[in-house]
Each structure stands twice: as structure tokens, then as C-alpha cells.
Amino acid sequence: MRHSYDDFEVSSYQDYSSVTIPGCVTVQSKRGCHMKCIYCSTPFTEWTGCRSRKIEDVVGEMGVYLNEKRGIKRFFLADNVFNFPLSNAKDFCRGVIKSGLSIEWQAIINPAYGDDELFSLMRRAGCVFMSLGNESGVEPVLRNLEKGLRLRRSE
Ligand code: SF4
């Protein structure tokens, strides 16, 4: 069965000349964002409901179609907020670990979510780079941006 990657020279996007980024192939495990940051277009372009793909489909796409068939080893998880839902992010990491894939990847993280277990799983699954979308270290700015996070978590 043909896959859409069969018509696309995806390997030309991989670049090993940098230590981490750029030069990775993009994969998205979910669309949409439940947050409402006032400056962001994503809730309009991808909608506010977060729709996750099946973990086995995402890991299969990375493993079979991109790693095995095309030798891709570096990925960018282009989810708007990789670590939401938290359980979904952990399941993705477990899926990669279970698959035995030897890959490196990066993701965008919202500081409002996450725990030690997630970060440990991410490391074991090959995550080498996290972009933290904190935007500001000033409480009133965070509030005005409606980032959905504060400088300190209320445990
Ligand atoms: S969390 Fe990120 S993607 Fe979601 S609304 Fe805020 S800036 Fe946009």
C-alpha cells in the first residue's frame, strides 16, 4: 500500500550538521489547542479542541515510514503543546521506548503541565531538545496574555 511519504523526498529535510536542531523531519501527533493565548492564531487555524492521533499510528509513521524506509533519525514533534494531555504525552514516550526506535526528537512544552515521570520518559524516548513556551517572567504580562500559567504553580 502506498503512503503519502512515497511521493515526497523527506530525507532532504534531515541535516546532521547541527548538534540538535535544525534538520529534523516534522511529525504531528495531535491538532488543535485548548489554550487561549490572546496573540495566537492556532485556536482559529486548528480549532480549540485537541484531537490526538492514535499513538501506534504516530510511532508507526516515525518507525516504519520514516526511520526504517528512509533512515530518518531526527524528528520535530510539532504539536502545539506536546505535554497536553499529559497522559497522551507519556503514552507517546512509552510507545517510542517500546518500539526500540533509536531516534532523537524535540517538542514544544507548556510549563503549566508535566512532572518528573514525563521528563524521564521523554529522555528515555530520545527527546534531546524542549522549547518552553513561557513567554514572560512577569506575572501581569502572563495574566494579560491569558497564557493559562503563573510564575509559580499552586500545588
Ligand atoms: S498554548 Fe501555544 S498554541 Fe496554544 S494558544 Fe497558546 S501560544 Fe497558541
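Everything that follows concerns the structure shown earlier in this document.
None of the values given here were measured: they were computed from a predicted structure.

The rules we used
Residues numbered from 1 in each chain as written. Predicted model: local features only at pLDDT ≥ 70, side-chain atom pairs only at ≥ 80, totals over all residues. Heavy atoms only, no water. Salt bridge = Lys/Arg side-chain N within 4 Å of Asp/Glu carboxyl O. Helix = DSSP H or I, 4+ residues; strand = E, 2+ residues; numbered from the N terminus. Buried < 20%, exposed > 50% of the residue type's maximum accessible area, 1.4 Å probe, protein only.

**Q** Explain the pattern of salt bridges to me, using residue names and the numbers behind them.
**A** A side chain of one charge can pair with a side chain of the opposite charge when the charged atoms of the two come close. Inspection of every chain in the model, using the stated rule, returns ten salt bridges. Between Asp79 and Lys30 there is a salt bridge, and its shortest N-O distance comes to 2.9 Å. Taken together, the positions of Asp79 in the loop between β4 (74-77) and α3 (86-99) and Lys30 in strand β2 (residues 30-31) put the pair 49 residues apart, joining distant regions of the chain. Looking at Asp79, the relative accessible area reads 0%, which means it is buried. Asp91 serves as the salt-bridge partner of Arg94, at 3.2 Å between the closest nitrogen and oxygen. One end of the pair, Arg94, and the other, Asp91, are both in helix α3, three residues apart, so they sit about a helical turn from each other. The exposure class assigned to Arg94 is partly exposed, which follows from its relative accessible area of 37%. Shared partners join several salt bridges into a network, and the residues in it are Lys90, Asp91, Arg94, Asp115 and Glu117.

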